[in-house]
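# Coordinate analysis (summary)
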Amino acid sequence: MSRIRRPGNAAGAHFGNRRFEIRQGAEPVRRIRQAFTATLIAAAAILPAAPAAAVTDYQWLSCPPGSTTGHISTAGIRYDTANARYVAELGGVLDLCRKPSPMIDIYGLARYGSGSATGLRYSFGTNPTQHYFFNAGLPIGPVDQAVCVVSDTKIRVACVSITWSTIDGSLRPDIQGALPIDDPVVSNEVYFPGWIPPHLGPGCASCAG
């Protein structure tokens, strides 16, 4: 009758930290194979998953300059009491060079001043159209002289001019009107730190960070 015994230094099969000598015999060998297979399946279940392939969280429309047009129809300033800052809120229309890919393609708002430009990126949402109505916001500070809607880091679609005045001892912003997109004030490439706020429609300025 075949049997399995634990040897001293006998040659045999390794199983984890244990060492068994497997002798001839179908039933014991079948049981050990079943146990070995079950252990491999259990081990595979607890192994960490392989890292997912890197996914770009956004992309610009990649339209040639001038192929995306638009205008700002509403522009205002709101004071964000919770964060003690002013927010420029812009609304209008973008006529895009193509229909955006949902939750992938983006546009942005950018603020310009003191020889630099920074901004926030916005998703076009889950069901965008090529004729896109936007309403978004961007925090601004005393150095900022303009805010633009952009379709890339170097492509401005529409801009407004901002001035600052001292009222009751505090600096307060005011939107002066439209500013040409080729004005020297808005000539810098835009740096977009941070994240993409979700597109929440009107009032989305509250989600800008």
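Residues numbered from 1 in each chain as written. Predicted model: local features only at pLDDT ≥ 70, side-chain atom pairs only at ≥ 80, totals over all residues. Heavy atoms only, no water.

In this section: the state of the cysteines. Taken as a whole and judged by the stated rule, the model has two disulfides. Each sulfur in the disulfide pair C63 and C97 lies 1.7 Å from the other. Negative torsions about the S-S bond denote left-handed disulfides, and the value of about -55° found for C63 with C97 makes this one left-handed. Here C63 is found in the loop between β4 (59-60) and β5 (69-80), whereas its partner C97 is found in the loop between β6 (85-95) and β7 (105-113), with 34 residues between them in sequence. Here C148 pairs with C159 through a disulfide, and the sulfurs are 2.0 Å apart. Because the torsion about its S-S bond is 105°, the bridge between C148 and C159 counts as right-handed. (Disulfide = S-S within 2.5 Å. Helix = DSSP H or I, 4+ residues; strand = E, 2+ residues; numbered from the N terminus.)

Phi at A84 is positive, roughly 50°, even though this residue is not glycine. Within the secondary structure, A84 is located in the loop between β5 and β6. Phi is positive for D168, which is not a glycine, with a value near 55°. Assignment of secondary structure puts D168 in the loop between β11 (156-167) and β12 (170-179). For D168, a relative accessible area of 72% puts it in the exposed group. (Buried < 20%, exposed > 50% of the residue type's maximum accessible area, 1.4 Å probe, protein only.)

Moving on to the sheet that holds strand β9 (residues 131-140). Taken in spatial order, the three strands make up an open sheet running β5-β6-β9, and their pairing is antiparallel. Both outer strands of the open sheet, β5 and β9, are each paired with one neighbouring strand and no more. Within this sheet the neighbouring strands show an average axis-to-axis angle of 15°, counted without direction. The pairing of β6 with β9 spans 10 bridges and is classified as antiparallel. In the strand pairing of β9, A88 is matched with L138. (Pairing = 2+ DSSP bridges. Axes fitted to C-alpha atoms, helices over the stretch in contact; angles between N-to-C directions.)

Function-wise, these values are silent; they only describe arrangement.
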